[in-house]
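Architecture and fold: a report
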Amino acid sequence: MALVQKYGKPDIFLTMTCNPNWDEIISELEPRQTPQDHPDLIVRVFRAKLEDLKIQLFKRHILGKVAAYVYVVELQKTGLPQAHFILIMEGRYKLTCPEQYDCLISAELPNKSKYPELYKMVVKHMMHGPCGVLNPKNVCKQKGSCKNYYPRPFNVSTLQGKDSYPIYRRRDDGRHAKVRGQELDNRWVVPYNPYLLRSYNCHINVDVCSSINAVKYLFKYIYKGHDRASVSIDEMDSDRNIDEIKQYRDSRQIGRIVSAHPAEGERYYLRVLLNHVTGATSFQDLRTVNGIVYSTFHEAAERRGLIESDNTINECLDEAKVFHMPSSLRRLFSTILVFCEPSNVHGLWDRHMEAMTEDYRLTQMCPHAVEQMALLDIKNMLESMGKDISSFPLPEIDKSYDALDNEAREIIKESTIEVDPEHLGFSSFLNPEQRYAYDEILATINSGQGGVFFVDGPGGTGKTYLYKALLAKVRAEGKIAVATATSGVAASILPGGRTAHSRFKIPLNTEDGGVCSFTKQSGTAKLLMRASLIIWDEASMTKRQAVEALDNSMRDIMARPDLPFGGKTIVFGGDFRQVLPIVRKGTRSQIIDATLRKSYLWENMRQLRLVRNMRAQSDPWFVDYLLRVGNGTEDTMDADYIRLPDEICVPYTSDATDIDKLIESVFQMTLEENLLDPNYMTPRAILSTRNEYVDKINMKMIERFPGEEMIYYSFDHAEDDPHNYYPAEFLNSLTHNGLPPHILKLRINFPIIFLCNIDPASGLCNGTRLIVRGFMRNAIDAEIVLG
Ligand SMILES: Nc1ncnc2c1ncn2[C@@H]1O[C@H](COP(=O)(O)OP(=O)(O)OP(=O)(O)O)[C@@H](O)[C@H]1O
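Residues numbered from 1 in each chain as written. Predicted model: local features only at pLDDT ≥ 70, side-chain atom pairs only at ≥ 80, totals over all residues. Heavy atoms only, no water.

Under an unreviewed UniProt entry, the name given to the chain is ATP-dependent DNA helicase, and the source organism is Aegilops tauschii subsp. strangulata. UniProt, in its Catalytic activity (unreviewed entry) section for the chain, records the words "ATP + H2O = ADP + phosphate + H(+)". Taken from UniProt, the Sequence similarities (unreviewed entry) comment for the chain reads in full: "Belongs to the helicase family." (UniProt positions renumbered as here; feature names shortened; annotations may be inferred.)

Attention now moves to the sheet that holds strand β16 (residues 606–609). Backbone-to-backbone hydrogen bonds join strands into a sheet, with any given pair of strands oriented parallel or antiparallel. Spatially, the 6 strands line up as an open sheet ordered β13-β12-β14-β15-β11-β16, and their pairing is parallel. The open sheet has two edge strands with one neighbour each: β13 (498–499) and β16. Looking at chain direction, strand β12 (residues 481–485) and strand β14 (residues 533–537) are connected through 5 bridges and run parallel. Within the sheet, the bridge partner assigned to threonine 484 lies in β14 and is tryptophan 536. (Pairing = 2+ DSSP bridges. Helix = DSSP H or I, 4+ residues; strand = E, 2+ residues; numbered from the N terminus.)

On inspection of all chains with the given rule, the structure shows 1 cavity of 30 Å³ or more. Considering only enclosed or pocket space, the largest cavity measures out at about 30 Å³ in volume. Top element by residues in the lining of the largest cavity is helix α20 (residues 463–476). It accounts for 3 residues. Across the lining of the largest cavity, the residue classes tally to 4 nonpolar, 1 polar and 3 charged. (1 Å grid on protein atoms, 1.4 Å probe; cavity = no way out; pocket = protein on both sides within 12 Å on 5 of 7 lines; lining within 4 Å. Points joined across faces, edges and corners; volume = space filled by probe spheres on them. Nonpolar A, V, L, I, M, F, W, Y, C, P; charged D, E, K, R; others polar.)

Time to look at the site of the ligand. Phe429, Gly460, Lys463, Thr464 and Tyr465 are the nearest of the 15 residues found near the ligand. In this structure, threonine 464 approaches the ligand through a side-chain N or O atom, which is 2.5 Å from an oxygen atom. When the ligand sits alone it has 630 Å² of accessible area, and the protein chains cover 69% of it. Ranked by residue count, the leading element in the shell around the ligand is α20, at 3 residues. (Near = heavy atom within 4 Å. Polar contact = N/O pair within 3.5 Å; in protein donor to acceptor, adjacent residues only side chain to side chain. Areas by Shrake-Rupley, 256 points an atom, 1.4 Å probe, with all protein chains shown as cover.)

This brings us to the packing of aromatic side chains. Taken as a whole and assessed by the stated rule, the structure comprises 17 aromatic pairs. A centroid spacing of 6.3 Å and a plane angle of 20° characterise the contact between tyrosine 69 and tyrosine 71, whose relative ring orientation is stacked. Exposure remark for tyrosine 69: the relative accessible area of 35% places this residue in the partly exposed category. Overall, the relative accessible area of 27% leaves tyrosine 71 in the partly exposed class. Measuring from centroid to centroid gives 5.5 Å for phenylalanine 565 and phenylalanine 572, while their planes differ by 50°, and the two rings are tilted. Given a relative accessible area of 1%, phenylalanine 565 falls into the buried group. An aromatic cluster of at least three residues, connected via ring pairs, comprises Phe58, Tyr69, Tyr71 and Phe85. Lying over the aromatic face of tyrosine 150, arginine 152 brings its terminal NZ or CZ to 4.5 Å of the ring centre. Sitting over the face of the ring of tyrosine 680, arginine 684 holds its NZ or CZ atom 3.8 Å from the ring centroid. (Phe/Tyr/Trp six-rings, centres within 6.5 Å; stacked < 30°, edge-to-face > 60°. Buried < 20%, exposed > 50% of the residue type's maximum accessible area, 1.4 Å probe, protein only. Lys NZ or Arg CZ within 6 Å of the ring centre and 35° of its normal.)

Omega for the bond connecting tyrosine 150 with proline 151 falls within 30 degrees of zero, at -10°, which places this linkage in the cis form. Structurally, the position occupied by proline 151 is in the loop between β5 (145–146) and β6 (176–179). Although it is not a glycine, arginine 32 adopts a positive phi angle of roughly 70°. Along the chain, arginine 32 turns up in the loop between α2 (23–26) and α3 (39–59). At phenylalanine 565, a position not held by glycine, the phi torsion is positive, near 55°. Structurally, the position occupied by phenylalanine 565 is in the loop between α24 (544–557) and β15 (569–574).

On the surface, Val629, Ile642, Leu644 and Ile648 cluster together to form a nonpolar patch covering roughly 290 Å² of accessible area. With respect to the element layout, isoleucine 642 can be found in strand β18 (residues 641–642). (Patch = residues over 30% accessible without salt bridge, like charges linked within 9 Å, V, L, I, M, F, W, Y side chains within 5 Å. Salt bridge = Lys/Arg side-chain N within 4 Å of Asp/Glu carboxyl O.)

Given below as structure tokens:
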């Protein structure tokens, strides 16, 4: 009303409703999807169109200069968004006479042969009804007639309305069109602006409202409440049939299930079931799981694995007992302690101790000794996952059973790593550059002076081969060599390898000048002091601050603050042509600044270059090509794009079957024996840039895979969200880095990949590939095949 006071009465009332068949929506749908399946897409496209309409109205002034406006966007009961605008025009653009209305607004069918497109759009979007005698059951019926006053009378010219909308020109010119089974003429046309209708191809009603005195009703209309729906109830046809498909199509409903708060109990669990269970035709159906009818929705949702049960962890261990040996159970128990935060650790221990100690009980009669042996084993496993057993409420470890203290254990563990005789032999096969690096590093170790090296070599030039040769040589001489790598996968390839972060206890967010989190008296410090050689592979992938933290700590524990790494021999390796450190949303210069090359340490690192590609000797063309890309010497187009040679591409045709073709060319899935052969499957992979593409490809792969299937669901909830602003299905829809999708479908013999570092020392790290061998409700049995 303040606007009216200042700018005068409104002139134009405009309503725009989303057209679910806009090209921008249809072209984004997957095969067999309908716009109803994508309310997110619908609202986004609508918003884009709305923003464009605002530009047309307020910047391009297509209806004249606008002095003030309000608009409201609402969701209709059909689920489609709709915007209502009230425009107040500037002085000379105010609409005051019927001639002006005619310039902007039409309420007639256009000439079909002259304006075929516009004609089609008017017929599609701007014809009311039919209602009344033509369709007595239309939803606009109120007290026996149409509440919108259709059909309007024919009218040779536009007339000014009195406290009402104008009476638009509707000539009886014989034009008509078939709409929803009835022939309709100009009396049924909803007023429109031809330019806007043509531009937006949707229901866009433009009305002059300057003649309306009861202005506040206009505003009231656009701010009206939302909680109303017009529905029609149809009778069955003469054969007593109801055409539900037609009803569904006619109503264009977008399914929305009313929200329910978890505190609402059964109502909430009913909603969870409705969101996940397809094909249920009754409440009883929803409460039925594996043929058993449960009395509550809560129980049924729990049995389906849709909500977290208090007992999940216990059940997981119970299930694992069936197919796991005691040592594996102890590992599972340790993993649960570290990653699942069980609330009752002591209870868990008491309940499963018997199964976890079965092997010790064969050789040891004393129950206390048996318990201590199991606890010691768990202690070691926790340590290798970077945790201390004393931080868990488990029975005390009796010192008399733990012959070794922490310090001794770390050193003994490292100094007893078995040397692979094959690796010892590697030194005889080194190529000249590897040989030179090998000799230089060994000479430095033997000199006792220490030195810092960087082995720089593109992929496949034999860096790992060199490290293995060095580790074998040093360890065979009874010295300690500490092998680490930035990623878990690279660490697991090195004998005795650990991730650098866990081995050196590097804090996750290291700042300039940071230090590692081990103390001078710790086992880690003692081990590093004793080490003759430290290797850190993939150092090019880590942030320089992590390496600098190790440098700071080493200078401290070695009490040699002036020497890099306290005078240790330390070998970094990597390839800056491969993956660089990750700086979230970082610019190129921020990423480069985070690399080791920008560290103060770089100047003091002796560069050892490997150039000969030992991996792809049989394909020199490809090796050369990779090198050119890595070195930035390959020809580029549009600044940063390189052209991939046709022979290594599966062409994109924008056809829905493109992904199938890609899968086929990588996996040749038509051959069932290929699918069931881990040696065939694991060396193949499809890499993708976005998690959502990964999920899509995985779904397709799983569908084509033979065998028994199991579906696991994630339990997602937001912390500190008492008002349920983040409902579970929204959280479920997020495809976050490092987390599997909400629905994880697995089949026996299906290859899977680990996404987190559980225990790199045992090969369970990000990137490890496994094959599913069996599954139960809470436990998956998988075998490591690669990594
Ligand atoms: N001197 C050598 N004699 C025989 N084979 C070698 C030699 N050096 C490397 N290889 C072989 O070449 C392949 C690639 O070597 P390696 O994995 O060590 O390369 P890399 O530089 O670590 O590669 P990436 O950067 O991709 O990890 C391996 O199969 C390795 O066994």
